[in-house]
Structure formats: structure tokens, C-alpha cells
Amino acid sequence: MGNMSRKWVTAGAVLLSIAVIAGAFLLIRGGKIEVPSSFIEARGKGAEISEFINDFSEKAKEGLQAIEEKDKSGDYVRALDLTIIEVERLQQARVKSVELLGELQKMTASLGEIKSTNLQSAGMQAVSNEVLLVERLIAYNEALKDLLDVLRAKYSSYEPQKFDASTNDLVKKINEDVSEINKLNRRYQTLIAEFDKKIK
């Protein structure tokens, strides 16, 4: 099993552990509202990674459009170059996805230190939403990888113009994932803002 495959197995385990820890922490009762520094630090790092991922999805969309334009014009050499660039960018995004999972795990663990169940619940809602985002992101990364593999095979072939690249379903899946990722990201921003209001 390759390093990246092991990372995705680890990612699945982290998602499961977050769900289990979340269930346990929401049973805690208490009084004083206090947010641990570990939560704040992980949240800050998570926000940076999330911003990178959001930017990546937008640039990936632009990259695919550029590849399509070169394909239509018959410039297969440039189309291949652009595809390779997107493959390299995808690898970076996959690493960032795993890093984001790590920060979410830290945030989940830190919630146990918050004594207020009301604040704890608000924090968990935000984290749970971000977990859904990562799950969708993993699906998006896989669909994008499949698409780029097909395109790279096409542009590396002897006669790219005759290569049967049935990519409509993959493109549709990718567009759906991007839409859902953006929706979940906006939801997370709303939930974390509500969390902040409860602290003040």
C-alpha cells in the first residue's frame, strides 16, 4: 500500500474517531465557559488549510476549463502540460485534506475541556460540519484524480483526437462536489460565528 493510500485509510479512522469522541463529549455537564488554547490554535490552523482547499477547488475549475480550451483547439501538448500541473496541485490538496482532519481531531478532543454543554454543542456542530466537508472533499479529490488520469492518458496517446475519453459523468460529479464543498464551507463559517457569539 502506497503512502497516499495509507493516508486515506488514516483519514477514515480519524473521521470515525471524531464521531465517537463527539458523542462522548456532548454528555459532559459543567458551568464556566472557557475555550482551551488547543482548540483555538487548531481552529486557526484548520481555517488556513480550509482556505487553501477552497482556493484550490476554484483554481482546479479554472484549470479544467483551460485544459478543455486547449483540447478543443487541438493543442494537445499544452493540454498535457496543464493536466500534469493539475495533477501536482491535486497531490498538495490531498495532503492538506489529511492535515485538516488532524486539526479537526484536535478541536474535537479540546471540546472536552469546555465545561458549558451549550458552548460545547455549538463547537461540535461546527466541527461535525467541517468533517462532512472533508468527506466530500475526499470524494472530490478521487473524482478529480480519475478525470486527470483519463486526460493524461488521452494527451499522451499517439492520436489524442481519436482517444475515447468519456468524462461527462466525472465532470458532473466534480461540479456537484465543488458546489457542496462551497455550501458546507459557508455553513461552517456561520456555525463558528455562532460559537464565537456564545463566548462573548
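The coordinates are above.
Overview of the structure. Since this is a predicted model, take the numbers as computed values, not measurements. (Residues numbered from 1 in each chain as written. Predicted model: local features only at pLDDT ≥ 70, side-chain atom pairs only at ≥ 80, totals over all residues. Heavy atoms only, no water.)

### Quick word on the environment of K96
You can see K96 is positioned in helix 3 (residues 76–111). Note: C-alpha distance between K96 and I53 (43 residues apart in sequence) is 7.3 Å. (Helix = DSSP H or I, 4+ residues; strand = E, 2+ residues; numbered from the N terminus.)

### A look at the packing of aromatic side chains
What the rule picks out here adds up to three aromatic pairs. Arranged with centres 6.3 Å apart and planes meeting at 75°, the rings of F56 and Y140 form a pair that is edge-to-face. Taken together, the residues F56 in helix 2 (residues 37–73) and Y140 in helix 4 (residues 117–156) connect sequence positions 84 residues apart. For F56, a relative accessible area of 3% translates into the label buried. Y140 sits in the buried class, given a relative accessible area of 1%. Judged by centre distance (6.1 Å) and plane angle (25°), the rings of Y76 and Y155 are stacked. Placement of the pair is Y76 in helix 3 and Y155 in helix 4, with a sequence separation of 79 residues. (Phe/Tyr/Trp six-rings, centres within 6.5 Å; stacked < 30°, edge-to-face > 60°. Buried < 20%, exposed > 50% of the residue type's maximum accessible area, 1.4 Å probe, protein only.)

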